[in-house]
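Single-letter residue listing:
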Amino acid sequence: MNEVLFKCPYCEQKLGGAKDDVGAEVECPTCGKSFVLEESDVVREKRPNGFMCYLGMLRNYFGFRGRMRRREFWWAFLFWWIVYLLSAFADLMIWGELSLCVAVVALGTFIPLEAAQVRRLHDTNKSGWWVPLILLPPLNIVYFVWLATDGDRGRNRFGFDPKRRS
């Protein structure tokens, strides 16, 4: 992929382009000023790691609106499983059976995990009311395919594209 984002030096609007565009003169569609694209104008977006995605899911505890990128969702889901398995291990080591730690993690993360699933479905332009589909064994495969597909490009009825926000 040769696609990068440039930033207008005047209004700081993000503009799409290719690496080959460095040195070309362009006009910003927002402010209308012309400038020459330079390497320093390239926007380097930091990609969140898995733990940050998990913390972001917990911070957005009741956030059922908007969209969530596929990468963010699956990293958060992976770290949720790690935390859940560690709590199960702690329960087995302390009490010899699953009890307090697993219950605290399960109850404490139920709502943010559901909210993340709803936002992930929103990214694929599907309603959050499809979440109960996970309870129906033949149809839960379709549900996981929806969670794994790439989101809609551009704006959809649930908001802006989190991957290409400008």
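Keep in mind that what you see is a predicted model, and the values were worked out from it rather than measured.

What counts and what doesn't
- Residues numbered from 1 in each chain as written.
- Predicted model: local features only at pLDDT ≥ 70, side-chain atom pairs only at ≥ 80, totals over all residues.
- Heavy atoms only, no water.
- Helix = DSSP H or I, 4+ residues; strand = E, 2+ residues; numbered from the N terminus.
- Rg over C-alpha atoms; globule rule 2.2 N^0.38 Å.
- Contact = heavy atoms within 4.5 Å.
- Areas by Shrake-Rupley, 256 points an atom, 1.4 Å probe, with all protein chains shown as cover.
- Lys, Arg positive; Asp, Glu negative; His and termini not counted.
- Charge placed at Lys NZ, Arg CZ, Asp CG, Glu CD.
- Disulfide = S-S within 2.5 Å.
- Buried < 20%, exposed > 50% of the residue type's maximum accessible area, 1.4 Å probe, protein only.
- Axes fitted to C-alpha atoms, helices over the stretch in contact; angles between N-to-C directions.
- Parallel < 35°, antiparallel > 145°, perpendicular 65-115°, else oblique.
- Nonpolar A, V, L, I, M, F, W, Y, C, P; charged D, E, K, R; others polar.
- Patch = residues over 30% accessible without salt bridge, like charges linked within 9 Å, V, L, I, M, F, W, Y side chains within 5 Å.
- Salt bridge = Lys/Arg side-chain N within 4 Å of Asp/Glu carboxyl O.
- Phe/Tyr/Trp six-rings, centres within 6.5 Å; stacked < 30°, edge-to-face > 60°.
- Lys NZ or Arg CZ within 6 Å of the ring centre and 35° of its normal.
- 1 Å grid on protein atoms, 1.4 Å probe; cavity = no way out; pocket = protein on both sides within 12 Å on 5 of 7 lines; lining within 4 Å.
- Points joined across faces, edges and corners; volume = space filled by probe spheres on them.

Student: What's the story with the overall build of the chain in this structure? I'm lost.
Tutor: A count of helical and extended segments in the chain gives four helices and four strands. Along the chain, from the amino end to the carboxyl end, the secondary structure elements read β-β-β-β-α-α-α-α. Over its C-alpha atoms the chain spans a radius of gyration of 21 Å, topping by over 25% the 15 Å that the globule rule assigns to 166 residues. For the chain, the C-alpha atoms occupy an extent of roughly 70 × 35 × 25 Å along the three principal directions. Restricting the contact set of the chain to residue pairs at least 6 apart, pairs at least 24 apart contribute 53%. In the structure as shown, the chain presents an accessible area of about 10,800 Å², 61% of it carried by carbon and sulfur atoms. Of the side-chain charges in the chain, 22 are positive and 18 negative, and the distance between the mean point of each set is 4 Å.

Student: I would appreciate a short explanation of the state of the cysteines in the present structure.
Tutor: Formally, a disulfide is one covalent bond, and it connects the sulfur atom of one cysteine to the sulfur atom of another. Under the defined criterion, the tally for this structure stands at zero disulfides. Of the cysteine sulfurs around Cys31, a residue in no disulfide, the closest is that of Cys8, at 3.7 Å. In this structure Cys31 comes out as partly exposed when scored by relative accessible area, which is 30%.

Student: Just to check I follow, could you spell out the packing of helix 2 (residues 70-94) against helix 4 (residues 140-148) for this structure?
Tutor: In the contact formed by helix 2 and helix 4, the axes pass within 9 Å of each other and the chain directions differ by 120°. The angle between helix 2 and helix 4 falls in the class oblique. Two secondary-structure elements touch here, helix 2 through Arg70, Phe73 and Trp74 and helix 4 through Phe144, Leu147 and Ala148. Grouping the amino acids of the contact of helix 2 with helix 4 by side-chain chemistry returns five nonpolar, no polar and one charged.

Student: Help me understand a nonpolar patch on the surface in this model?
Tutor: Taken together, the side chains of Phe89, Met93, Ile94, Trp95, Leu100 and Val104 make up a nonpolar region of the molecular surface, amounting to roughly 690 Å² of accessible area. With three residues, helix 2 is the single largest residue contributor to the nonpolar patch. Inspection of the secondary structure assignment puts Phe89 in helix 2.

Student: What should I look at first to understand the pattern of salt bridges in this one?
Tutor: Pairing between side chains of opposite charge can happen when the charged atoms of each approach one another. Counting across every chain of the model gives four salt bridges. Through salt bridges with shared partners, a single network forms among Arg67, Arg120, Asp123 and Asp161.

Student: Would you explain the packing of aromatic side chains in this entry?
Tutor: Where two aromatic rings form a pair, the distance of their centres and the angle of their planes describe that pair. Following the criterion strictly, the structure yields 13 aromatic pairs and no others. Taking the centre distance of 6.3 Å and the plane angle of 45° together, the rings of Trp75 and Phe79 count as tilted. Here the residue Trp75 and the residue Phe79 both occupy positions in helix 2, the gap between them amounting to four residues, near one helical turn. Within the aromatic cluster, the residues linked to one another by ring pairs are Phe73, Trp74, Phe77, Trp80, Trp81 and Tyr84. Over the aromatic face of Phe160 sits the side chain of Arg155, whose NZ or CZ is 4.6 Å from the ring centroid.

Student: Hey, could you run me through the layout of surface pockets in this one?
Tutor: In this approach a probe as big as a water molecule rolls over the atoms, and the regions it shows empty are the leftover space. Put simply, the second largest pocket is a space of about 330 Å³. Along the walls of the second largest pocket sit 17 residues, with Trp80, Leu113, Glu114, Gln117 and Ile134 positioned nearest its centre. Looking at the lining of the second largest pocket element by element, the count peaks at six residues for helix 3 (residues 100-123). Broken down by class, the residue content of the lining of the second largest pocket amounts to 14 nonpolar, two polar and one charged.

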